[in-house]
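Architecture at a glance
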Amino acid sequence: MARPSRYPLELRRRAVRMVAEVRDDYPNETAALQAVTDKLGIGSRETLRNWLKQHEIDAGTRPGTTTEESAQLKAMKKETAELKRANEILKAAASFFAAELDRPHTRS
């Protein structure tokens, strides 16, 4: 699972907008990415390139999992894990009570 970004969402959005604005001022995309990376102090061009890809996915212009779908999947996985744990507890309780019913009881 991908780890969450250490960069704020607004910075990521601003960087994506800046790349769109300056793309025509540079001979290629790599140069534009480097310029924006240097100006904003972002770790690497690859980081910015990933932000651009995710923006395209979220905008529906590129196939892939949107951040909203990703959050839903994460919530579903968490819920599934909780349900499995609850199921294990219920099985253990059922086993205990079945053993109690099978045990001979004596009245005093």
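The following refers to the structure shown. Nothing here was measured: the structure is a model prediction, and the numbers come from that model. (Residues numbered from 1 in each chain as written. Predicted model: local features only at pLDDT ≥ 70, side-chain atom pairs only at ≥ 80, totals over all residues. Heavy atoms only, no water.)

1. Re the packing of aromatic side chains
In plain terms, the rule: We call Phe, Tyr and Trp rings a pair once their centres come within 6.5 Å, taking the six-membered ring for Trp, and we label the pair stacked below 30 degrees between planes, edge-to-face above 60, and tilted otherwise. The helix count covers DSSP runs of H or I at least four residues long, the strand count covers runs of E at least two residues long, and both are numbered beginning at the N terminus. In this scheme, a residue with accessible area under 20% of its type's maximum is buried, one over 50% is exposed, and one in between is partly exposed, where area comes from a 1.4 Å probe on protein chains only.
For the structure shown, the criterion picks out two aromatic pairs. Consider the rings of Tyr7 and Trp51, whose centres lie 5.2 Å apart with planes at 80°: the pair is edge-to-face. One end of the pair, Tyr7, is in the segment before helix 1 (9-22); the other, Trp51, is in helix 3 (residues 45-59), with 44 residues separating them in the sequence. Taken individually, Tyr7 and Trp51 each receive the classification buried, so the pair is uniform in this respect. A ring pair is formed by Phe96 and Phe97, whose centres lie 5.3 Å apart and whose planes are at 70°; its orientation type is edge-to-face. We classify Phe96 as partly exposed; its relative accessible area is 48%. Accessibility expressed as a relative area gives 52% for Phe97, which makes it exposed.

2. Observations regarding helix 3
Note the threshold: To estimate how far a helix should reach, multiply one less than its number of residues by 1.5 Å.
Between its first and last C-alpha, helix 3 extends 21 Å over 15 residues, near the 21 Å set by a 1.5 Å rise per residue. Of the residues flanking the end of helix 3, it is Gly60, one or two places downstream, whose phi is positive at about 85°.

3. Quick notes on the nonpolar core
Selection criterion: Grouping buried Ala, Val, Leu, Ile, Met, Phe, Trp, Tyr and Cys residues that are joined through side-chain atoms within 4.5 Å yields what is termed a nonpolar core. Throughout, a contact is declared for two residues whenever any of their heavy atoms are within 4.5 Å.
Membership of the largest hydrophobic core is limited to twelve residues, which are Tyr7, Ala15, Val16, Met18, Val19, Leu33, Val36, Leu40, Ile42, Leu48, Trp51 and Leu52. Elements supplying a minimum of two residues to this core: helix 1, helix 2 (29-40) and helix 3. The biggest single contributor to this core is helix 1, with four residues. Setting aside chain neighbours within four positions, we find Met18 in contact with Val36, Lys39 and Leu40.

On their own, these measurements won't tell you what the molecule is for.
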